Structures are given as C-alpha cells and as structure tokens.
Amino acid sequence: MKRLLITNNSLNQRGGTELFVKDLAPLLKAKGWFPIAFSTELGEVASELRAMAVPVIDDLSNLAEPPDLIHGQHHLDTMAAILRFPGVPVVHFCHGFLPWEEIPVKHPRVRRYVAVSAPCRERLVTEHGVPASEVEMLLNFVDTELFQARGPLPDKIARILVFGNQLGRSSPLFEKLTEVARHMGATLDLVGQKVGNTTRCPQNILPLYDLVVASGRCALEGMASGCAVLAADAHGLGGLVTPERFDAYRAHNFGLSLTSQCPAPSVDHLIQELSRYSPQDCHLVTQRIRTEASLEGAVAKLILIYEQALGQKEPADHPHFPTTTAAAESAYMTWICREFKERERQARIIISSCEEAVRDAAEVRRDALAARSHCESLAALLREREAVVENQGRALSVQEIRNLDQAAELSTAQCELRNANAQILKLQSQLKESRQRLDRFRGARRFLPRWMVR
C-alpha cells in the first residue's frame, strides 16, 4: 500500500479544495493507497476525514514514516512537505486562476503538474513557465453515487436555488434574481456561507429544485442532481448550461473565466438566458456529467498520474527550473521573502492610513463638540434676550419695541445661531466622511495576515 501525503491550505470549512480532498481520500484508500491529509488549519473537514479513518496532521514531524508520493495543493503547504521529506516525488495541483496560494512550486521533485481547468493550465504554462508536456488536465468531478438525479424537470421553472459561498442576499446578482423569480412566478432560496446556512448534505437539497444558480463544484453537483444550472457567481453571469455549451463550459469549470465575461447582467439579460430552459436539454446535460465527470473516473486517471510520477526519475538538469534541489528551495524562499516584505509594506501603508483617518475623525469630532457647545451658549443667550423682550413688550408699544437695541441684538443672535447651525452641518458631514474612510480601511484589514494587524 503506497503512502500518499495530500497537502492543502486548510481543512476547516467546506470549500472547493477541502471537499476535493474529502472526496478523493476514501476512494483512493479503497483503491489500495494510504492517504494522509496535511494542513496547518484544521476544522470541520478534518473531522469528517478522521471519521472516514483518514489520518489528518497539522505537523509534518508527527509523520514518522515518509510518504511514497506527495499530492501537493497550495505552494506553502507543498513546499513544507518537500522540505520535510527529501527525495519524495511530487504531483502538484493548480485549482484556481487567481488565488495567490495556487502559484506553482518550481522544484526538480515535482514530476507532474495537474490543472483542473483550461484557465488553470494557462496559468501554469503562460504565467509561470511550466512546460506544457509536464501539465496534465484533470477536470473537476462529482460523486455520482452520492448525488442522485431527480425525476423529470417541469415544463416551467417553479423553484430556484442560489447555491454557493459567494453570493449573499445583498449582492446585486441576488437582488436581480429575486426580480427574475418574481417575474417567472417562481420561489427563490439561497444556501451558502454568506447567509449562514451551509449544508453538509447538499445531495438531499438539490433534487428539490428545478434551477440551480451556481459555479464550479456547486454547478457540477446541481447538474448531477438533474437540475437545470445557470452558471453564475459573485463575479457575474456565464449562462445556462446547455448541450451545445457543455464542452466549453466544463473546460472552464463553470467558473470565473465564464462568469467574469458578464460582470453586471441586467434583469432582462437573465430572463433572456433562462428562456433557453428546456427539460430535455437539461436531461442530456445531466447524462453527460454523470458519465464524463464521475468521481470513479477521476480517481482512475489520478492514480495513473501518480504511477507515472513514481516511475519518473528526478532530472539531472531541468531545462526550465533551478537545476538542483538546493537552488530550487533557495529560489522559493527568496521569492517568499520578497512577497512577505511587499505585503508588510502594503500593510504598513494601510495601517498608517487608518491611523490618519482616526486622527482626522477625532479632530472633526472635537470641532463638532466645540461648535455644539458654542451653539448651546448662543441658544441660551437668545432665550434670555427673548425673555427680556417679552417682559418689555408688555409695557411698550409695537413701535417702541422695534426701536429697542434688544431687538437688534436678538436679530444678531439669530443670525449667529444660523451660522453656527451651518457650521455644525458642515462638521457633521466631515465626520461622516471620515467615518466612511475609517470603515473602508477596517474592511481592507481583513485581507491582511493576522500577524500584521495585531
């Protein structure tokens, strides 16, 4: 039984790569491999893996016996495994076109690079110089044993589910989908992290709906469940998955490279796209997904890639990457140093801007409090003078009152009060603007590593 170490950035929440590991591990075990999952962040998915008798570690020193092969996902975790287990070959995966974590490791012991979509392949070959001959394509899959197809779809869409972790009720696309559902006379529900109702059993929910709005893995699960699928997410709209579009959409994993083509679809555009709905076409799409994107088929191809990697010797002179192990590891650490120093520089700029915004807000608040105090004094003086004028008015005629200096003083005080009120409004506007700036900077801090914002 070959020992296989699978690395991942996190094994906490139920995300794409986390569930990728969770799906693969038990089936690889059934095929004669011994998978071990590694991540420095454990949680819900790690617990589910352990419940399936798959070992999970967050410290590589706990693995006393080295693996035969490293299935590397995410460069930090992959390089940690490479450094810990000298001589062990690596199959390195790229699951995303944009995430920093998906940047490939360039190391002589990486025997194969695996891309899960056409854009991921282009990232490896075009942006990072990985030779095309070393890149395998393994399109994403779905567990067709777990996700069973529902019965025939109705002639008209009656129930719609927005399914995924990217869209919330306040997102522009969800608001437009609400209008579309109202126009179609359909109900609309949402399941995902943004609304705090993730599910561990989507296979029980999806067959209850006619149309699923999703991307990536969620779109695959919707199609396998026999639903019509509209490829869409927080980046925008791809389109309704039809037999004619199937090959192109699948090569792009029903995700970013499709949905970003129409970042702000209108309600009319969405209605027009859903006019393509056909129960017969959706049935054909479901059949293709269940035939071509099964977990069994993906694991069979993955094991072939593993075996090829194990049978390949480390090149003495790599034509594209650093030629020795030490040189590759030094180059990686040099790059990491530059990355973190740049991130630290950006963090300091953001922190400095936040501090400046806090100072500005405090200054505006002090000015506003001073203006308020001045206005209160003016108001008290005005009340006193109004009282004097009222008492004198009982004894004086209207003409005499108009000639009194007190009336002039009253007019002057009222003018000062109006000016003070105008000053308060201006200061309140400045305070509101400063608070908005502070809120934006606080939001930006979420994208910084924790150690930079303590």
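Because the structure is predicted, anything quoted here is derived from the model rather than measured. (Residues numbered from 1 in each chain as written. Predicted model: local features only at pLDDT ≥ 70, side-chain atom pairs only at ≥ 80, totals over all residues. Heavy atoms only, no water.)

**Q** Hey, could you go over the overall build of the chain for me, with residue numbers and the actual values?
**A** When helices and strands are counted, the chain shows 15 helices and 12 strands. Against the globule reference of 22 Å for 454 residues, the chain gives a C-alpha radius of gyration of 32 Å, more extended than a compact globule. Considered along the principal axes of its C-alpha atoms, the chain spans approximately 110 × 60 × 40 Å. When each of the 454 residues of the chain is scored for burial, the buried share is 46%. Long-range contacts, defined here as pairs at least 24 residues apart, represent 68% of the contacts in the chain between residues at least 6 apart. Put simply, the chain has 54 plus and 54 minus side-chain charges, and the middle of one group is 2 Å from the middle of the other. (Helix = DSSP H or I, 4+ residues; strand = E, 2+ residues; numbered from the N terminus. Rg over C-alpha atoms; globule rule 2.2 N^0.38 Å. Buried < 20%, exposed > 50% of the residue type's maximum accessible area, 1.4 Å probe, protein only. Contact = heavy atoms within 4.5 Å. Lys, Arg positive; Asp, Glu negative; His and termini not counted. Charge placed at Lys NZ, Arg CZ, Asp CG, Glu CD.)

**Q** Quick rundown of the sheet that holds strand β8 (residues 159-163)? Include the residues and the values.
**A** Strand-to-strand pairing in sheets goes through backbone hydrogen bonds, with the strands running parallel or antiparallel. Here five strands make up an open sheet; going across it, the order is β9-β8-β10-β11-β12 and the pairing mixed. Among the strands making up the open sheet, the edge pair consists of β9 (187-191) and β12 (236-240). Adjacent strand axes in the sheet meet at a mean angle of 20°, parallel and antiparallel pairs treated alike. Two elements, β8 and β9, share five bridges in a ladder whose sense is parallel. (Pairing = 2+ DSSP bridges. Axes fitted to C-alpha atoms, helices over the stretch in contact; angles between N-to-C directions.)

**Q** Give a detailed account of the pairing of strand β1 (residues 2-7), specifying residues and quantitative values.
**A** For a regular strand, side chains alternate in direction, first toward one face of the sheet and then toward the other. In terms of residue burial, β1 counts as a mostly covered element, since five of its six residues are buried. Pairing geometry for β1 and strand β2 (residues 33-38), over six bridges, is parallel. Counted as the bridge partner of arginine 3 is phenylalanine 34 from β2. As defined by bridge partners, β1 adjoins strand β4 (residues 69-73) across three bridges and the pair is classed as parallel. What sits directly across from leucine 5, in β4, is isoleucine 70.

**Q** Provide a residue-level description of unusual backbone geometry, including the pertinent values.
**A** Positive phi outside glycine occurs at alanine 53, with the angle close to 65°. By secondary structure assignment, the location of alanine 53 is in the loop between α2 (44-51) and β3 (56-57). Taking the relative accessible area as the measure of exposure, alanine 53 reaches 45% and is therefore partly exposed. We note that asparagine 253 has phi near 60°; this positive angle belongs to a residue other than glycine. Summarising the element assignment, asparagine 253 is placed in the loop between α8 (246-251) and α9 (256-259). The class for asparagine 253 is buried, based on a relative accessible area of 15%.

**Q** Lay out the nonpolar core with the relevant residues and their values.
**A** Soluble globular proteins tend to pack their nonpolar side chains together in the buried interior. One finds Leu11, Leu24, Leu28, Leu49, Val91 and Tyr306 to be the most contacted residues of the largest nonpolar core, which totals 30 residues. Secondary-structure elements contributing two or more residues to this core are β1, α1 (16-30), β2, α2, β5 (90-94) and α12 (295-311). The dominant element in this core, judged by the number of residues it contributes, is α12, at eight residues. Other than its neighbours up to four places away in sequence, valine 91 contacts Leu69, Ile70, His71, Gly72, Arg112, Val114, Ile305, Tyr306 and Ala309. (Core = buried A, V, L, I, M, F, W, Y, C linked by side-chain atoms within 4.5 Å.)

**Q** If you had to explain the packing of helix α7 (residues 216-224) against helix α11 (residues 279-292) to someone new, which residues and values would you point to?
**A** For the pair α7 and α11, the least separation of the axes is 8 Å and the interaxial angle reads 115°. Considering the angle they form, α7 stands roughly perpendicular to α11. Every pair of crossing elements has a handedness; the one defined by α7 and α11 is left-handed. Counted together, Leu220, Met223 and Ala224 of α7 and Val285, Thr286, Ile289 and Arg290 of α11 form the full contact between these two elements. Of the residues belonging to the contact of α7 with α11, the class tally is five nonpolar, one polar and one charged. (Parallel < 35°, antiparallel > 145°, perpendicular 65-115°, else oblique. Left-handed = near helix turned anticlockwise from the far one by under 90°. Nonpolar A, V, L, I, M, F, W, Y, C, P; charged D, E, K, R; others polar.)

**Q** Please give an account of the sheet that holds β4 that cites residues and values.
**A** Strand order in the open sheet formed by seven strands is β3-β2-β1-β4-β5-β6-β7, and the pairing between neighbours is parallel. Each edge of the open sheet is held by one strand with a lone partner, namely β3 and β7 (135-137). Each of β5, β6 (110-115) and β7 is contacted by helix α4 (residues 118-127), which is oriented at about 175° to β7, the strand it contacts most.

**Q** I'd love a proper account of the packing of aromatic side chains, names of residues and values included.
**A** Taken as a whole, this structure holds four aromatic pairs when the rule is applied. Where phenylalanine 20 meets phenylalanine 141, the ring centres are 5.2 Å apart and the plane angle is 40°; that geometry is what we call tilted. With phenylalanine 20 in helix α1 and phenylalanine 141 in the loop between β7 and β8, this pair connects stretches of sequence that are 121 residues apart. Considered together, phenylalanine 20 and phenylalanine 141 belong to a single accessibility category, that of buried residues. A ring pair is formed by tryptophan 33 and tyrosine 306, whose centres lie 5.1 Å apart and whose planes are at 55°; its orientation type is tilted. Of this pair, tryptophan 33 sits in strand β2 while tyrosine 306 sits in helix α12, and the two are 273 residues apart along the sequence. Given a relative accessible area of 0%, tyrosine 306 falls into the buried group. An aromatic cluster of three or more residues is present, and its members are Phe20, Phe93 and Phe141. (Phe/Tyr/Trp six-rings, centres within 6.5 Å; stacked < 30°, edge-to-face > 60°.)

**Q** Tell me about α1, residues and numbers included.
**A** Taking 1.5 Å as the rise per residue, α1 with 15 residues should run 21 Å; its terminal C-alpha atoms sit 22 Å apart, in good agreement. Among the 15 residues in α1, 11 count as buried, and that is most of the element. Listed as buried for α1 are Thr17, Glu18, Leu19, Phe20, Val21, Lys22, Asp23, Leu24, Ala25, Leu27 and Leu28. The positive-phi residue at the C-terminal boundary of α1 is glycine 32, with phi of around 100°. (Expected span 1.5 Å × (residues − 1).)

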